[in-house]
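Per-entry structural report
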Amino acid sequence: MEAFVRGLPKAELHVHIEGTLEPEMMFQMAQRNGVALSFESVEEVRAAYEFTDLQSFLDIYYEGARVLTTEQDFFDLTHAYLRKAAEDNVRRAEIFFDPQTHTERGIPFETAVTGIHRALEAGRAELGISSGLIMCFLRHLSVESAHRTLEQALPFRHLLLAVGLDSSEVGNPPEAFEAVFARARREGLLVVAHAGEEGPPAYIWKALDVLHARRIDHGVRAEEDPNLLLRLAEERIPLTMCPFSNIKLRVFPSLADHNLKRLLDRGLVVTINSDDPAYFGGYVGDNYLAVSEALGLSRENLGTLAGNSFEASFLRVEERRRFLAELDRYLAG
Ligand code: ADE
Ligand code: ZN
């Protein structure tokens, strides 16, 4: 079973590159950049990864991201993620980064985007992983800051696939960001948004109707609204679910309680992703495996989830067809 799940050709559509920073790399970068950490050892860092909700995680996650300083740091971080992804036969990765986490500390937008982009190019050449980069706006910061960030991004527009919305959800509804997302769309960027992770179904409606999100990141709270479920199924709007994240941030008490299979069975385009694998205890293949065990997924379910990941991706038609054919051959054994 493990070999089957790891070898399943898949796309990962919900991974924050800053959330792939393993404690070992955090210490290396802190040392080489002269950044003081509030932890003494890798073990102490790992022991601190006990979260009670999204905010308790974000506080530590932004603290950890302070070590990322040079273009080489962003390259190394992204390259390490891609090597891990290749072990799970990730064929396509659409990766988030949070520019404001860096620009607010005086790190130029260019440093982050160039380092990440170079690693994505290397990943394509060395590992055959197709990829795209999604810039997220931090919703706990102001709309003006989001506009400034979009302006900083425009010279690098050709390196970006889409814009997203992340960080502290409750109290920061999507509609506040209507104008900046409209501007991003006019620039030809696609739209995704975190919604319904901790926030109510209304945030999912707004992400769709006001921001024009093409897929919803998390979206687990959609289950509370039958009309929303009908719409998501009818319009085949994907949900990029992150099971380990939901357990670590206490959205569900355990994997056995997760609604992933219920929503899959209702015909929603559900996908499995890792979110912040260095913080939540596993990469995308680990998420597939654990969910499969906890919810008793069949091989057919796993094939559907992998197929959904390509359907939900922003791949061009030709490349999507190629990966789906690869998946078909894999499933046919
Ligand atoms: N940033 C990184 N991980 C996140 C998550 N799970 N929700 C919102 N913002 C995030
Ligand atoms: Zn996320």
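Anyway, here's the lowdown on the structure attached to this text. The numbering scheme is per chain: residues are counted from 1 as the chain's sequence reads. A letter from A marks each chain and a number from 1 marks each ligand, given out in the order of writing. Only residues with pLDDT of at least 70 get local features here, since the model is predicted, and only at 80 or more are side-chain atom pairs given and counted; chain-wide, interface and lining totals rely on the full set of residues. Calculated side-chain values reflect all of the structure's heavy atoms, with hydrogen atoms and water omitted.

**Thoughts on the packing of helix α10 (residues 201-209) against helix α11 (residues 226-234)**
Here the axes come from fitting lines to C-alpha atoms, over the contacting stretch only for helices, and the angles between their N-to-C directions go from 0 to 180 degrees. Strands here mean DSSP runs of E at least two residues long; helices mean DSSP runs of H or I at least four residues long; both are numbered from the N terminus. Viewed as axis vectors pointing N to C, α10 and α11 meet at an angle of 35°, and their least axial separation amounts to 10 Å. In terms of crossing hand, the pair formed by α10 and α11 is left-handed. Residues P201, I204, W205, L208 and D209 of α10 form the contact with α11, whose participating residues are N227, L228, R231 and L232. Note that Gly is not counted as nonpolar here; it falls among the polar residues with everything else outside the nonpolar set of Ala, Val, Leu, Ile, Met, Phe, Trp, Tyr, Cys and Pro and the charged set of Asp, Glu, Lys and Arg. Split into classes, the residues belonging to the contact of α10 with α11 amount to six nonpolar, one polar and two charged. Handedness of a crossing is defined here by the sense of rotation of the near helix relative to the far one, left-handed for an anticlockwise turn of less than a right angle and right-handed for a clockwise turn. Whether two residues are in contact is decided by their heavy atoms: any pair within 4.5 Å suffices.

**A short note on the pairing of strand β6 (residues 215-218)**
A pair of strands counts as paired when DSSP detects no fewer than two bridges linking them. Alignment of strand β5 (residues 190-195) against β6, held across four bridges, turns out to be parallel. Bridge pairing links V192 to R215 in β6. Chirality of the crossover, the property in question, places the unit of β5, α10 and β6 among those that are right-handed. Both β6 and strand β7 (residues 239-241) contribute to a ladder of two bridges, which runs parallel. Each bridged residue has a counterpart across the sheet, and for I216 the counterpart in β7 is L239. Between the parallel pair β6 and β7, the chain is carried across by α11, and the sense of this crossover is right-handed. When the strands point away from the viewer and the connection leading from the first strand across the helix to the second strand turns clockwise, the crossover is called right-handed.

**Brief notes about the nonpolar core**
To qualify as a nonpolar core, a set must consist of buried Ala, Val, Leu, Ile, Met, Phe, Trp, Tyr and Cys residues joined through side-chain atoms within 4.5 Å. Partly exposed residues are those whose accessible area sits between 20% and 50% of the maximum for their type, while under 20% is buried and over 50% is exposed, using a 1.4 Å probe and protein chains only. Judged by nonpolar contacts, the single largest core of 111 residues is most densely connected at F97 and Y279. Of all the elements, helix α4 (residues 54-65) adds the most residues to this core, at seven residues. If near-sequence neighbours (up to four positions away) are discounted, Y279 is found in contact with E18, G19, L21, M26, Y49, F51, F57, I60, Y61, G64 and K248. Counting seven residues, the second largest nonpolar core, distinct from the first, contains C136, L161, A162 and V192.

**Focus on the coordination of the zinc ion (ligand 2)**
Only N, O and S atoms count as donors, using a 2.8 Å limit from the metal and a wider 3.2 Å limit for Na, K and Ca, and since water is excluded some coordination spheres may look unfilled. All of the protein donors around the zinc ion (ligand 2) are H14 (NE2), H16 (NE2), H194 (NE2) and D275 (OD); their distances to the metal are 2.1 to 2.3 Å. When four donors show all angles between 85 and 135 degrees the site is tetrahedral, when four or six donors have opposite pairs over 155 degrees and all other angles between 65 and 115 it is square planar or octahedral respectively, and in every other case it is irregular. Around the zinc ion (ligand 2), the four donor atoms are arranged such that angles at the metal cover 83 to 175°; this shape is classified as irregular. All donors of the zinc ion (ligand 2) come from a single chain, and their spacing in sequence reads H-x1-H-x177-H-x80-D. Of this pair, H16 sits in strand β1 (residues 10-16) while H194 is found in strand β5, placing the two residues 178 residues apart along the sequence. For H16, a relative accessible area of 4% translates into the label buried.

**Here's the deal with the site of ligand 1**
The immediate surroundings of ligand 1 are formed by H16, L54, F57, L58, Y61, D166, S167, H194, E197, H218, D275 and D276. H16 has a polar side-chain atom sitting 3.4 Å from a nitrogen atom of ligand 1. For the purposes of these results, a polar contact is taken to be a pair of N or O atoms within 3.5 Å, where, inside protein, one atom must be able to donate a hydrogen and its partner to accept one; residues adjacent in sequence count only when each atom of the pair is a side-chain atom. At a separation of 2.7 Å, a nitrogen atom of ligand 1 approaches a polar side-chain atom of D275. In isolation ligand 1 offers 270 Å² of accessible surface; the protein chains occlude 100% of this area. Whether a residue is near a molecule or strand depends on its heavy atoms: if one lies within 4 Å, it is near. Using a 1.4 Å probe, the Shrake-Rupley method yields the accessible areas, and only the shown protein chains count as cover for residues.

**A closer look at the side chain of H102**
Along the polypeptide, H102 turns up in helix α6 (residues 99-103). When sequence neighbours within four positions are dropped, the list of residues in contact with H102 reads E18, A65, L68, F74, I107 and A112.

**So, the packing of aromatic side chains**
Two rings from Phe, Tyr or Trp (for Trp, the six-membered ring) form a pair when their centres are within 6.5 Å of each other. A pair whose planes differ by under 30 degrees is stacked, one over 60 is edge-to-face, and the rest are tilted. Scanning all chains against the criterion turns up 14 aromatic pairs. Between F51 and F280 the ring centres are 6.2 Å apart and the planes differ by 85°, which places this aromatic pair in the edge-to-face class. Here F280 lies in helix α14 (residues 277-280) and F51 lies in the loop between α3 (42-47) and α4, a separation of 229 residues in the sequence. Comparing F51 with F280, the two get one shared label, buried. Ring geometry for F57 against F280: centres 4.8 Å apart, planes inclined by 50°, an arrangement best described as tilted. Of this pair, F57 sits in helix α4 while F280 sits in helix α14, placing them 223 residues apart in sequence. You'll find F57 and F280 in the same group, each marked buried. We note K10 situated over the ring of Y288; from NZ or CZ to the ring centre the distance is 5.2 Å. Over a ring means this: the NZ of a Lys or the CZ of an Arg is within 6 Å of the ring centre and within 35 degrees of the ring normal.

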